[in-house]
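Spelled out from the first residue to the last, the chains are:
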Amino acid sequence: MTTATDDTRLGIMEGRLTEQSIAIQELRNDFREGQQQMNARLDEFRAEVNTRFGEINARFGEVNTRFGEVNTRFGEVSARFDEVNARFDEINARFEQMNNRIHQLTLAVIGVGGTVAVAMLSFAGVLAFQLIQNG
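So, how was this worked out
- Residues numbered from 1 in each chain as written.
- Predicted model: local features only at pLDDT ≥ 70, side-chain atom pairs only at ≥ 80, totals over all residues.
- Heavy atoms only, no water.
- Helix = DSSP H or I, 4+ residues; strand = E, 2+ residues; numbered from the N terminus.
- Buried < 20%, exposed > 50% of the residue type's maximum accessible area, 1.4 Å probe, protein only.
- Polar contact = N/O pair within 3.5 Å; in protein donor to acceptor, adjacent residues only side chain to side chain.
- Patch = residues over 30% accessible without salt bridge, like charges linked within 9 Å, V, L, I, M, F, W, Y side chains within 5 Å.
- Areas by Shrake-Rupley, 256 points an atom, 1.4 Å probe, with all protein chains shown as cover.
- Salt bridge = Lys/Arg side-chain N within 4 Å of Asp/Glu carboxyl O.

(A) How the structure looks around the environment of Glu48. Note that Glu48 resides in helix α1 (residues 4-134). Residue classification places Glu48 among the partly exposed positions, given a relative accessible area of 40%. Placed 69 residues apart in sequence, Glu48 and Ala117 show a C-alpha to C-alpha distance of 101 Å. Separated by 2.8 Å, the side chains of Glu48 and Arg52 make a polar contact.

Structure, rendered in structure tokens:
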């Protein structure tokens, strides 16, 4: 059996529970709104970061393209140096051939000169012998 006092107490407690339930529901709603705002801000931040990374990636692509162009140019310059070196090798080979020919000609001239000198000495000897004999 309940009395009027018990019923009043139960009513007060029920009212307080209802108030607490409403306050908890309002707190949940506030938390949900805060979470939605935080998620929206995070989405904006992610979008900004993705945009910046996209821009940076595009810049790196441009730099990579430039490096490729420079590398191609260095390859062309290197090929030209190889051509110039090949020409120098050809010129050096020609100079070597010329030096060899000059050396051969020098030896031939010395040989001819020596032969002429021996021939002249022999001729002088023959003339001297004849002069001595003819008296």
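Moving on from the model shown.
(B) Just a nonpolar patch on the surface, in detail. A contiguous nonpolar patch, built from Val84, Phe88, Ile91, Phe95 and Met98 and spanning about 470 Å² of accessible area, is present on the exposed surface. Along the chain, Phe95 falls in helix α1. On the basis of relative accessibility, which here comes to 46%, the residue Phe95 falls in the partly exposed class.

(C) Here's a closer look at the pattern of salt bridges. By the definition in use, this model includes 5 salt bridges. Taking the shortest distance from any N to any O, the salt bridge between Arg52 and Glu48 comes out at 2.8 Å. Taken together, the positions of Arg52 and Glu48, both in helix α1 and 4 residues apart, correspond to about one turn of that helix. Residue classification places Arg52 among the partly exposed positions, given a relative accessible area of 47%. Glu55 is paired through a salt bridge with Arg52; the nearest N and O atoms lie 3.9 Å apart. Linking Glu55 with Arg52, this pair stays in helix α1, spanning 3 residues, or about one helical turn.

(D) Spotlight on the environment of Ala23. Its place among the elements puts Ala23 in helix α1. You can call Ala23 partly exposed: its relative accessible area is 37%.

(E) Layout of the environment of Gly11. Note on placement: Gly11 falls in helix α1. On a C-alpha basis, the gap between Gly11 and Glu48 in space is 55 Å, while along the polypeptide they are 37 residues apart.

Distances and angles like these do not, on their own, reveal function.
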